[in-house]
Amino acid sequence: GERVRAGLACELGLADAQAVKRWRAHARGGNFDPDACARELLPVALGAEDERRLLERAAALQRDLLLGAAGARTVATRRKSASSPGLFAFLLIQVLSFLVFAALVAAILYVLRIRGTSIDEYLDRFLLERFRRG
């Protein structure tokens, strides 16, 4: 209980800053005593507002721990499905892209036809040059 309270107080910035700094150095160095750390981080009682913040954070932590990995997977699955389009959306985008491309080609061919230019002449010249080289 006290270890968790001390950790949450540290996270919320309610513990003594110098003690937190000292115990972080101990934790990095491998010389960590969780009971002594808890006693030093919370030597005095917290005020009513700080106690309320600590209890709210403890409740959130408890909820997160109760949900556990299954809850985390559910949330991750929901996020993934909400952010990625389905197969229908993918196919719809592909069909629309093809229709836009086909409309552009048709518009170009129509403009060439109005100007009296035949695309057949260009294709014939291109194919004849291709076969002459090959």
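Residues numbered from 1 in each chain as written. Predicted model: local features only at pLDDT ≥ 70, side-chain atom pairs only at ≥ 80, totals over all residues. Heavy atoms only, no water.

**Overview of the overall build of the chain**
Piece 1. Broken down by element type, the chain carries six helices and zero strands.
Piece 2. Of the regular secondary structure in the chain, the N- to C-terminal order runs α-α-α-α-α-α.
Piece 3. By the burial criterion, 13% of the 134 residues in the chain qualify as buried.
Piece 4. When contacts within the chain are restricted to residue pairs at least 6 apart in sequence, those whose partners lie at least 24 apart make up 63%.
Piece 5. Summing over all exposed atoms, the chain offers an accessible surface of approximately 11,000 Å²; the carbon and sulfur share of this is 62%. (Helix = DSSP H or I, 4+ residues; strand = E, 2+ residues; numbered from the N terminus. Buried < 20%, exposed > 50% of the residue type's maximum accessible area, 1.4 Å probe, protein only. Contact = heavy atoms within 4.5 Å. Areas by Shrake-Rupley, 256 points an atom, 1.4 Å probe, with all protein chains shown as cover.)

**Concerning helix H3 (residues 34–41)**
Piece 1. Within H3 the residues assigned to the buried category are Ala36, Cys37, Ala38 and Leu41.
Piece 2. As for H3, its buried residues are in contact with helix H1 (2–11) and helix H2 (17–29).

**A word on the pattern of salt bridges**
Piece 1. For the structure shown, the criterion picks out six salt bridges.
Piece 2. Within the structure, one salt-bridge network assembled from shared partners comprises Glu49, Arg52 and Glu56. (Salt bridge = Lys/Arg side-chain N within 4 Å of Asp/Glu carboxyl O.)

**Structural notes on the nonpolar core**
Piece 1. Ala6, Ala9, Ala15, Leu41, Leu42, Leu46 and Leu54 are the most contacted members of the largest nonpolar core, which has 15 residues in total.
Piece 2. Looking at this core, the elements that each hand over two or more residues are H1, H2 and H3. (Core = buried A, V, L, I, M, F, W, Y, C linked by side-chain atoms within 4.5 Å.)

**Some remarks on the packing of aromatic side chains**
Piece 1. All told, the structure shown has one aromatic pair when counted by the stated rule.
Piece 2. A centroid spacing of 5.9 Å and a plane angle of 85° characterise the contact between Trp23 and Phe32, whose relative ring orientation is edge-to-face.
Piece 3. Note on Phe32: relative accessible area 44%, which makes it partly exposed. (Phe/Tyr/Trp six-rings, centres within 6.5 Å; stacked < 30°, edge-to-face > 60°.)

**Comments concerning the confidence of the model for the chain**
Caution applies to low-pLDDT parts of the model: their predicted coordinates are not meant to be read in detail.
Piece 1. Counting all residues, the mean pLDDT for the chain is 81, and 85% of those residues have values of 70 or more.
Piece 2. For the chain, the element scoring lowest by mean pLDDT is helix H4 (residues 48–83), at 72; helix H5 (residues 87–114) scores highest, at 92. (pLDDT = per-residue confidence, 0-100.)

**Here's the deal with a nonpolar patch on the surface**
Piece 1. Together, Phe88, Leu92, Val95, Leu96, Phe98 and Leu99 give the surface a local cluster of nonpolar side chains, amounting to about 650 Å² of exposed area.
Piece 2. When its relative accessible area of 41% is taken as the criterion, Leu92 is described as partly exposed. (Patch = residues over 30% accessible without salt bridge, like charges linked within 9 Å, V, L, I, M, F, W, Y side chains within 5 Å.)

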